[in-house]
Every structure is written in C-alpha cells, then in structure tokens.
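Structure assessment
What follows is the residue order along each chain.
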Amino acid sequence: MGLRAGLNFLQRNLFSRCNKQIIKQASNIQQPMTKVMTDSSTGIIKMEREITRNGQKALATVEKLPNGKTKISVTGGGDSDLRRTTTITREKGASIFGGDRVTVEKDFSKFWCYRENSKLVKEYNPQEILEHKELTYHKNIGNETHINHKSVQDRVYDEYPLKSGSQDMLKLSNGNNYIKHSLDKTNNYHKFADGASTNYTRAVQAKEKAALDAAKKAEADALAAKEAAEKAAAELKARQPRINIAKAFGKDVNELTVKETKLPNGTIERTFTDPVSGQILAKTQDIGLLHKEWIYGGKADKIFMKQFDKNTPYIVAKKGNYTQVDYVKRDYNWEMPDGKFYKEYVSEQYYNDGANALKRSTGGNQVYNDATGKVIVYDSTAAKVREKYPSLEKDYPDYPQVSIRNGESACGAYQNNLTNSQIQANRLVKELNKDAQQNAIDLKNLFSDYSL
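Residues numbered from 1 in each chain as written. Predicted model: local features only at pLDDT ≥ 70, side-chain atom pairs only at ≥ 80, totals over all residues. Heavy atoms only, no water.

**Thoughts on the sheet that holds strand E1 (residues 34-39)**
With antiparallel pairing, 11 strands are arranged side by side in an open sheet as E1-E2-E3-E4-E5-E6-E7-E8-E9-E10-E11. What marks the edges here is a single partner per strand, and that holds for E1 and strand E11 (186-187). In the packing of helix H3 (residues 199-239) onto the sheet, the strands contacted are strand E7 (114-124), strand E8 (130-142) and strand E9 (145-155), and the crossing angle to E8 comes to about 105 degrees. (Pairing = 2+ DSSP bridges. Helix = DSSP H or I, 4+ residues; strand = E, 2+ residues; numbered from the N terminus. Contact = heavy atoms within 4.5 Å. Axes fitted to C-alpha atoms, helices over the stretch in contact; angles between N-to-C directions.)

**Things to note about the packing of aromatic side chains**
In the structure shown here, the tally under the stated rule is six aromatic pairs. Between Phe 97 and Tyr 200, the aromatic rings sit 6.2 Å apart at their centres with planes inclined by 50 degrees, giving tilted as the arrangement. Of this pair, Phe 97 sits in the loop between strand E5 (82-91) and strand E6 (101-110) while Tyr 200 sits in helix H3, and the two are 103 residues apart along the sequence. Assigned by exposure class, Phe 97 and Tyr 200 land together as buried. Note on Tyr 322 and Tyr 351: the rings are 5.0 Å apart at their centroids and 50 degrees apart in plane angle, and the pair reads as tilted. Highlighted residues: Tyr 322 in strand E18 (residues 322-335) and Tyr 351 in strand E19 (residues 341-352), separated in sequence by 29 residues. Among the residues examined, Tyr 351 registers a relative accessible area of 10% and is labelled buried. Note that Lys 283 overlies the ring of Trp 294, its terminal NZ or CZ placed 4.6 Å from the centroid. (Phe/Tyr/Trp six-rings, centres within 6.5 Å; stacked < 30°, edge-to-face > 60°. Buried < 20%, exposed > 50% of the residue type's maximum accessible area, 1.4 Å probe, protein only. Lys NZ or Arg CZ within 6 Å of the ring centre and 35° of its normal.)

**So, the pattern of salt bridges**
Enumeration over the complete set of coordinates arrives at 20 salt bridges. For Arg 90, the salt bridge identified is with Asp 100, shortest N-O distance 3.2 Å. Linking Arg 90 in strand E5 with Asp 100 in the loop between E5 and E6, this pair joins segments that are 10 residues apart in sequence. The buried category is assigned to Asp 100, whose relative accessible area is 16%. Taking the shortest distance from any N to any O, the salt bridge between Glu 260 and Arg 270 comes out at 2.9 Å. Of this pair, Glu 260 sits in strand E12 (residues 257-262) while Arg 270 sits in strand E13 (residues 268-273), and the two are 10 residues apart along the sequence. Judged by its relative accessible area of 9%, Arg 270 falls in the buried class. One network of salt bridges, in which partners are shared, links Arg 53, Asp 79 and Lys 110. (Salt bridge = Lys/Arg side-chain N within 4 Å of Asp/Glu carboxyl O.)

Right, here's the structure in full:
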C-alpha cells in the first residue's frame with residue numbers, strides 16, 4: 001500500500017465521524033497491520049500501521065485528540081519524516097448566517113525548510129447549508145521562496161452549493177458562472193448582476209447595522225435614564241430644604257416624615273419631622289421664585305433662610321445671646337467697569353445679653369477680627385470723682401457704658417479718670433470676642449454637600 005493510500009485508509013476508516021463513533025469503529029477494526037491504542041482517561045486514540053514508502057517499509061501514525069485536532073506522521077521509508085496536524089473547530093451558532101462556523105487549520109511539514117499551512121473558515125446557515133468560505137494559504141518551498149494566497153467563495157444560486165473542501169479555492173476558473181470566487185487580486189464578480197454583493201456581505205452589513213442601531217439605542221436609553229434620574233433628583237432636591245439637614249442635624253433628610261400643604265395664597269409649605277421624636281426639624285415655603293425655610297435646633301436654636309431664584313440667600317441664625325446674619329451687601333460707592341456695583345458677601349455676628357452688646361463682622365475674603373459695641377463695667381473711681389466734683393455726678397456713674405472698637409475701649413473726655421474701667425472693659429470685650437468666635441456658625445457651609 002502506498003503512502004497516500006495508507007493515510008487515506010486511516011483517515012477514512014478511523015476519523016470520518018465523531019469521537020464516539022471513532023472509538024466504536026476502532027474497536028471493530030480487524031486489520032492485522034493496524035494497531036489501535038485508546039487512552040480512556042484522556043479520550044486520545046492512537047493508531048499505527050505499516051505502509052510502503054519509496055518501495056520501503058514506513059510507519060504511519062495517527063493521533064486523534066478530543067479537541068478536534070488530528071496529528072499524522074510518516075517516518076522511515078528512506079526519506080525525511082512527514083508531519084501534518086489538522087485542527088477542526090466547530091462553533092455552534094457562531095456563523096453570521098445563524099448556523100455553525102467551522103474552522104479547519106492544517107500544518108504540513110517535510111524536510112527542514114518545506115512547510116505548508118492553511119486556514120479554512122466555513123460559514124453555514126441554520127439549515128446546515130454552506131454559504132461562505134475563506135481560505136488563507138501559505139507555502140514555503142525553500143530558498144526563501146514563499147507562496148501566499150487568500151481566497152473567498154460565496155454561494156449564489158440555490159441549485160449550486162459550495163464544496164466543503166478547499167481544493168477548488170486556489171484555482172479561479174473563468175468558466176465559473178455559478179459561485180462567486182475571488183483569489184488574491186482576481187475575481188469573477190462581473191459575471192453576476194449584483195457584483196461583489198453576496199449573502200455574506202449583506203449579512204455582515206445587516207449585523208453591523210444592527211450593532212450600530214443597538215449601540216445608538218443603548219446610548220439613547222442611557223441618556224434618557226440619566227436625564228430621568230437627574231430630573232427625579234432635581235425634583236426631589238427641589239422638595240427638600242436647601243440647608244443640608246445632614247450638616248445641621250447629622251440626620252438623613254430622606255428618613256424624615258414630609259408633609260406638604262398648599263396655603264391659601266398658593267404657597268407650598270412642607271414640614272420635615274423626626275419620625276422617632278415627632279419633632280419638626282425643618283419647614284420650607286415656596287411661592288414662585290421665592291423660597292424660605294426654617295431650621296429648628298441642631299447647629300443653632302433657629303435658622304431662617306430666604307432666597308430669590310438662584311441669588312445668594314439671606315440667612316439668619318439665633319443661638320443663645322448671639323444672632324448671626326449672612327447676606328450680600330452692595331456698595332453703591334464702588335462701581336465696577338461693567339457698570340455694576342461691587343457686591344460683598346458679609347457675615348455679621350451680634351451679641352446682646354441685655355447689658356453688654358458686641359458686633360463682629362467678616363466680609364469677602366477679609367476677616368475683620370474686631371468687635372464693636374458697648375460693655376458695662378463697675379467704675380471703682382466714680383464715687384471719688386463725684387465726691388470731689390459734684391457737678392460731674394451724671395458723667396461718673398458706678399456702671400458707665402464704655403464704647404469698644406478693635407478690641408479696645410474708646411477714648412472719652414474722662415479717659416484719664418477711668419483707667420480701671422477701660423482695663424476692665426478691654427478684658428471683657430476680649431472675652432466676649434473670644435466667646436463669639438467659638439459660637440460662630442459657618443452658615444455658608446450648611447449649603448454644601450455632607451461629608452464626614
């Protein structure tokens with residue numbers, strides 16, 4: 001038996017069907033010259049058969065692996081070894097037509113310089129009819145000579161199916177009028193009414209269009225979802241206090257009980273109640289572009305805020321003897337180049353305990369670390385002055401009001417006679433100023449996002 005006949009015999013009788021059928025066939029073969037070896041743990045089947053090559057004995061070996069790979073080798077016979085590896089991969093439903101895609105890869109070698117490789121990809125429709133084939137072929141014949149081919153065949157007419165193999169793909173016959181065939185830079189597309197268009201190219205275009213349409217739809221859906229989420233977030237935020245409840249109380253505003261009421265003048269009023277204590281923590285009112293809200297407790301005893309549209313809000317906080325006001329002050333004496341007047345964000349803090357009063361101011365990026373107001377201190381020298389100068393009795397009470405500015409008492413007509421009062425007044429205003437700093441609230445920060 002010759003080399004080609006021996007190889008064909010092995011392949012035809014042992015590898016024409018699936019693995020289970022192969023094993024069954026192999027077990028039934030009674031050819032005395034064929035050895036069949038089965039590795040049941042791996043599913044690998046190995047066969048050996050003596051053949052005649054160049055008039056001499058040679059050994060043909062075939063190995064079939066469960067992954068679709070077949071290895072064939074011929075050794076001996078007075079010539080170099082021949083080796084061929086064939087790998088068949090079937091992808092269920094992977095074809096662009098909806099059927100299977102089958103890939104056949106072959107690697108054949110002889111001598112140290114001769115090598116032949118090919119890759120054949122076949123596309124089937126769901127009815128298992130072959131619609132499209134692509135072949136990539138490379139051959140090295142030695143002396144740095146390489147042969148490369150790229151061939152494509154497409155079915156056109158129902159009555160003329162494509163052949164399963166690749167033998168006819170490396171020849172472009174001028175008489176081929178029934179299938180579309182391109183080989184390297186030549187083709188027969190001019191023989192068909194639709195030119196280069198095929199079932200395959202139309203399927204590719206349809207798939208690309210479907211993918212593009214799906215991407216556009218996904219993008220549109222994502223955009224719509226984003227806009228819907230932003231709209232819902234904006235609507236939710238519009239119904240909530242603009243002062244951050246988490247910063248004011250350390251509570252999640254979404255956990256509060258909300259009650260909405262429409263007042264007779266059209267104002268929408270909402271109250272936000274702690275569900276555990278039943279205490280109202282916040283109240284808001286909206287009418288047109290005007291927004292008001294009240295915060296009860298937390299950072300201060302009470303906070304009131306008023307804002308028109310998106311303008312800087314006017315905000316007042318009451319905390320013990322302190323009242324703090326934040327607002328935008330317009331300086332009509334300072335006109336900007338654009339004709340508008342300079343605006344300054346001002347935070348003012350007031351202290352009043354019925355006797356002593358203090359005012360601290362901050363404006364813009366500058367902090368005026370001063371205090372202005374009045375304090376009442378006991379004047380230990382007043383009685384002596386009244387006794388010596390009865391006519392000045394009204395000017396020297398035991399508890400005079402001393403004006404304070406920049407942390408110091410103001411100069412008076414009787415400054416030299418009130419040194420002790422001035423010293424005490426300075427000390428008192430500095431203590432009040434320090435206490436005011438400790439009780440100051442960053443009202444502007446209450447509008448920012450909450451973070452630990």
